Amino acid sequence: MPLIDAFIVGLDRALRAIAGVHACARPYPAAGVTDGECDASARAEAAALMRVNHVGEVCAQALYQGQALTARSPENRRALAQAAAEEEDHLAWSAGRIRELGGRLSLLNPLWYGGAFALGAAAGALGDRHSLGFLAETERQVEEHLAGHLDRLAPGDRRTRAVVEAMRTDEAKHRQTAIELGAAELPQAVKLGMRVMAKVMTTVAHRL
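The structure presented is a predicted model; accordingly, all values stated were derived computationally and were not measured.

A. How the structure looks around the pattern of salt bridges. Within the structure shown, the criterion is met by twelve salt bridges. Between R26 and D170 there is a salt bridge, with the nearest N and O atoms lying 2.7 Å from each other. Pair noted here: R26 is in the loop between α1 (3-19) and α2 (40-70) and D170 is in helix α6 (residues 158-180), with a separation of 144 residues, a long-range link. Overall, the relative accessible area of 27% leaves R26 in the partly exposed class. Classification of D170 as buried rests on a relative accessible area of 6%. A salt bridge links E137 to R140, with the nearest nitrogen and oxygen atoms 2.7 Å apart. With E137 and R140 both in helix α5 (residues 128-152) and three residues apart, this pair spans about one turn of that helix.

B. Local environment of α2. When the terminal C-alpha atoms of α2 are compared, their 45 Å separation across 31 residues agrees well with the 45 Å that a helix rising 1.5 Å per residue should span. A side-chain oxygen of the first residue of α2 lies 3.3 Å from the backbone nitrogen of S41; this N-cap is D39.

C. Highlighting the nonpolar core. In terms of nonpolar packing, the biggest core is built from 17 residues, with M50 and V163 touching the most fellow members. Contributing elements (two or more residues each) for this core: α2, α3 (74-100), α5 and α6. In terms of residues, this core owes the most to one element, α2, which gives four residues. Not counting the four nearest positions on each side in its chain, V163 is found in contact with Y28, P29, A30, M50 and W93. Among the nonpolar cores identified, the runner-up in size contains 16 residues, and V58, C59, A116 and F134 belong to it.

D. Seen up close, a nonpolar patch on the surface. Together, L192, V196 and V200 make up a nonpolar patch on the protein surface, roughly 280 Å² of accessible area in all. Mapped onto the fold, L192 is located in helix α7 (residues 188-207).

E. Structural detail: α3. Compared with the 39 Å implied by 1.5 Å per residue over 27 residues, the 39 Å span of α3 between its first and last C-alpha is a close match. Remark: G102 follows α3 within two positions and exhibits a positive phi of approximately 80 degrees.

F. Fine view of the packing of α2 against α3. Where α2 contacts α3, the two axes come as close as 9 Å, and the packing angle between them is 160 degrees. Put simply, α2 runs roughly antiparallel to α3. Classified by chirality, the crossing of α3 by α2 is left-handed.

G. Spotlight on the environment of R99. Looking at the element boundaries, R99 is found in helix α3. Remark: the alpha-carbon pair of R99 and A47, spanning 52 residues in sequence, is separated by 8.1 Å.

H. Just the confidence of the model for the chain, in detail. Mean pLDDT for the chain: 86, with 90% of residues reaching 70 or above. Confidence, expressed as mean pLDDT per element, reaches its minimum in the chain at α1 with 62 and its maximum at α6 with 93.

I. Expanded view of the packing of α2 against α6. Running from N to C, α2 and α6 point in directions that differ by 25 degrees, and their axes come no closer than 12 Å. Our classification of the angle between α2 and α6 gives roughly parallel. Regarding α2 and α6, the two cross each other, and that crossing is left-handed. Residues A46, M50, N53, E57 and Y64 of α2 touch α6, and the partners they reach there are T160, V163, V164, M167, E171 and H174. In terms of residue class, the contact of α2 with α6 is made up of six nonpolar, three polar and two charged.

Criteria and cut-off values
Residues numbered from 1 in each chain as written. Predicted model: local features only at pLDDT ≥ 70, side-chain atom pairs only at ≥ 80, totals over all residues. Heavy atoms only, no water. Salt bridge = Lys/Arg side-chain N within 4 Å of Asp/Glu carboxyl O. Helix = DSSP H or I, 4+ residues; strand = E, 2+ residues; numbered from the N terminus. Buried < 20%, exposed > 50% of the residue type's maximum accessible area, 1.4 Å probe, protein only. Expected span 1.5 Å × (residues − 1). Polar contact = N/O pair within 3.5 Å; in protein donor to acceptor, adjacent residues only side chain to side chain. Core = buried A, V, L, I, M, F, W, Y, C linked by side-chain atoms within 4.5 Å. Contact = heavy atoms within 4.5 Å. Patch = residues over 30% accessible without salt bridge, like charges linked within 9 Å, V, L, I, M, F, W, Y side chains within 5 Å. Areas by Shrake-Rupley, 256 points an atom, 1.4 Å probe, with all protein chains shown as cover. Axes fitted to C-alpha atoms, helices over the stretch in contact; angles between N-to-C directions. Parallel < 35°, antiparallel > 145°, perpendicular 65-115°, else oblique. Left-handed = near helix turned anticlockwise from the far one by under 90°. pLDDT = per-residue confidence, 0-100. Nonpolar A, V, L, I, M, F, W, Y, C, P; charged D, E, K, R; others polar.

As structure tokens, then:
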């Protein structure tokens, strides 16, 4: 793809990720699912949790774009592109569920995207094995994060649960793909740093 075309495509993806404007390539996981008893407080908490998840997907898009920019292997670029396409579904699903619950997207999405893009580009510059290691560890932590959200949802909130479970399944697949492509094991200090950054992001996004 010519440089100018790649720039336009990347800019389009960034703007759509930030604004939460995406169409699903796959069926919406909550289609046909009916909620049980769920009071206003539980719906508000679910909307906040889904806002956190949407921010996570905004960051994932930026990470993949940054990593693809500096990836050396065509195979790895293709894997990152495939994961990014599936994460676009997550953006659409999470934004749609937020709106169903009467919530709103994060006000800081441009900040989240810019920071994650820079981080992804830096990870990619370290080499494909370390970039894939960063991806695998990110997906592992996201899986844990989504599992925690499932525990916090009201029992009757079946539609949100269906969306989160589908997202979690995809994240596990992306992690396994990165491992199969030769992901390096990251140092414990790096993993801890990633957890600290994720904690800051999730705490702020839950409110803003």
